Number of protein chains: 2
Amino acid sequence: MSADTKTIAFVVFPGLTPLDLVGPLQVLGMLEYLRPEEYRVAVVAERIEAYETDAVLKIVPSHTFADVPAPDVVVVPGGATPAFRAMTDETLLGYLREASAHAEITASVCSGSLLLGAAGLMKGRRATTHWTAFELLPEFGIIPVRQRWVEDGPMLTAAGVSAGIDMGLHLVSRLAGDEIARMAQFGTEYDPEPPLGPLDWSSAPREFFAPAAVSWVTDGLAERPELRDRLVAWL
Amino acid sequence: MSADTKTIAFVVFPGLTPLDLVGPLQVLGMLEYLRPEEYRVAVVAERIEAYETDAVLKIVPSHTFADVPAPDVVVVPGGATPAFRAMTDETLLGYLREASAHAEITASVCSGSLLLGAAGLMKGRRATTHWTAFELLPEFGIIPVRQRWVEDGPMLTAAGVSAGIDMGLHLVSRLAGDEIARMAQFGTEYDPEPPLGPLDWSSAPREFFAPAAVSWVTDGLAERPELRDRLVAWL
């Protein structure tokens with residue numbers, strides 16, 4: 001690692017969706033493997049301890065926020081209820097503001113874009129999020145764009161959960177070029193073949209997920225009733 | 001959770017590739033979310049402690065091998081050097097044998113199929129693995145099949161890393177039907193859009209990865225020179 005090594009920081013908060021984090025982490029980890037002098041990856045949180053996720057495993061970050069105050073790239077995963085709860089975590093929001101102010105690229109996966117919105121970083125930006133939370137984007141001054149990933153200046157947001165892999169590969173292309181991105185794609189053998197084919201959005205189970213989205217907001221923001229009510233009004 | 005609840009156990013060993021684990025875990029976690037009375041997911045390891053991965057984060061399992069001796073489904077992730085080192089871990093191999101003997105389905109991602117092979121569970125089975133390790137399959141009596149995932153009786157193996165997501169969705173279909181698998185696909189918003197398109201296998205960087213595969217075997221099996229030499233001979 002040289003003095004010019006760029007740091008890519010993945011942000012951890014309690015209860016996050018681990019695939020939001022691990023998808024792009026594995027892809028950007030290939031960038032670090034292929035170009036170790038130029039890039040290093042860190043997983044950052046308030047403390048180095050085991051954090052719950054919305055799966056049964058816990059994850060332990062590699063660094064604290066204080067260790068990595070000025071990353072070159074910051075990537076924010078999302079979650080369900082815990083992502084809305086995280087909107088009340090001033091330490092986390094403060095880190096997102098500080099890191100993003102320095103970073104060349106601020107990226108998110110899933111409801112991570114809403115977290116960046118809650119930190120005040122998305123006003124007037126084009127962005128996306130998980131499809132079930134898409135209607136919430138305007139509350140944070142975001143111009144909603146329905147794409148797998150959306151780029152607007154330094155802000156790079158991905159759709160839900162698995163979209164972080166596509167976004168991560170795009171990010172590798174942007175940082176290091178298509179040839180390295182292709183190597184990262186071969187390394188992770190990302191040659192998708194969904195058994196039931198691509199999603200048919202005309203048959204999306206909106207009725208099933210709509211009440212879930214309301215409960216994520218309501219439960220996550222119980223202590224912030226004003227924001228809770230403004231968000232629920234969009235759903 | 002009722003007495004009839006089926007347990008899906010994801011196996012952790014030191015140094016695994018986290019996307020191998022977290023891809024199918026997130027998908028099968030949707031099955032647990034949608035059918036909580038029928039399925040529960042566990043992440044199992046020898047001990048409940050923080051395990052290194054080949055990314056910078058560590059993961060903490062939810063249960064020990066002793067807690068979940070007889071899962072209904074067992075899923076084994078892979079890795080690079082650490083997956084070969086794991087072939088010398090008799091506690092792990094013993095758990096794989098015991099769990100697989102009881103399980104309705106034994107699944108793997110990436111080099112996880114080689115680990116199942118090292119446990120003696122794959123003789124005469126059709127299976128796949130990460131493309132860089134594909135030539136090693138016959139050493140374990142496996143009939144190599146180049147597909148995204150391969151089913152042979154109770155054995156269900158996936159290709160490299162991200163293939164675990166596709167295999168996981170197929171596994172949900174097999175357990176609970178296509179309708180639930182489609183819900184899991186919507187929940188994880190798995191509608192892949194690789195920025196550079198599908199992999200072009202005619203231009204696979206074989207020259208780059210071939211020495212890496214040799215080093216994974218050589219480093220991982222330093223203490224088992226006979227198996228090391230037999231495997232290297234295939235590469």
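What counts, and where the lines are drawn
Residues numbered from 1 in each chain as written. Chains lettered and ligands numbered in written order. Predicted model: local features only at pLDDT ≥ 70, side-chain atom pairs only at ≥ 80, totals over all residues. Helix = DSSP H or I, 4+ residues; strand = E, 2+ residues; numbered from the N terminus. Rg over C-alpha atoms; globule rule 2.2 N^0.38 Å. Buried ≥ 20, exposed ≤ 12 C-beta atoms within 10 Å, placed from the backbone. Contact = placed C-beta atoms within 7 Å. Least-squares fit on C-alpha atoms with pLDDT ≥ 70 in both. Expected span 1.5 Å × (residues − 1). Arc of directions from axis to C-beta.

1. Details of the overall build of chain A
The number of helices and strands found in chain A is eight helices and eleven strands. Computed over C-alpha atoms, the radius of gyration of chain A comes to 17 Å, within 12% of the 18 Å expected from 2.2 N^0.38 for 235 residues, which places it in the range of a compact globule. Along the first, second and third principal axes, the C-alpha set of chain A runs to 50 × 40 × 35 Å. By the burial criterion, 57% of the 235 residues in chain A qualify as buried. Pairs at least 24 apart in sequence give 66% of the contacts found in chain A among residues at least 6 apart.

2. Topic: the relation of the copies chain A and chain B
Laying chain A over chain B is done by rotating through 180° and shifting 0.0 Å along the axis; what remains is an RMSD of 0.0 Å. Here the symmetry operator amounts to a two-fold rotation axis. The rotation axis passes nearest to the C-alpha of Ile59 of chain A in chain A, at a distance of 2.2 Å.

3. What to know about helix H3 (residues 90-102) of chain A
Residue and element names in this part refer to chain A. With 13 residues, H3 extends 19 Å between its outermost C-alpha atoms, agreeing within 8% with the 18 Å of an ideal straight helix rising 1.5 Å per residue. Turning to H3, its buried residues number three or more, namely Leu92, Tyr95, Leu96, Ala99 and Ser100. The buried residues of H3 occupy an angular sector of 120° when projected down its axis, which confines them to one face. Pointing more than 90 degrees away from the buried face of H3 are the exposed residues Glu90, Thr91, Gly94, Ala101 and His102. Residues of H3 that are buried in the fold lie against strand S1 (6-11), strand S6 (73-76), strand S7 (105-108) and helix H4 (112-118).

The values reported here are purely geometric and, on their own, carry no functional implication.
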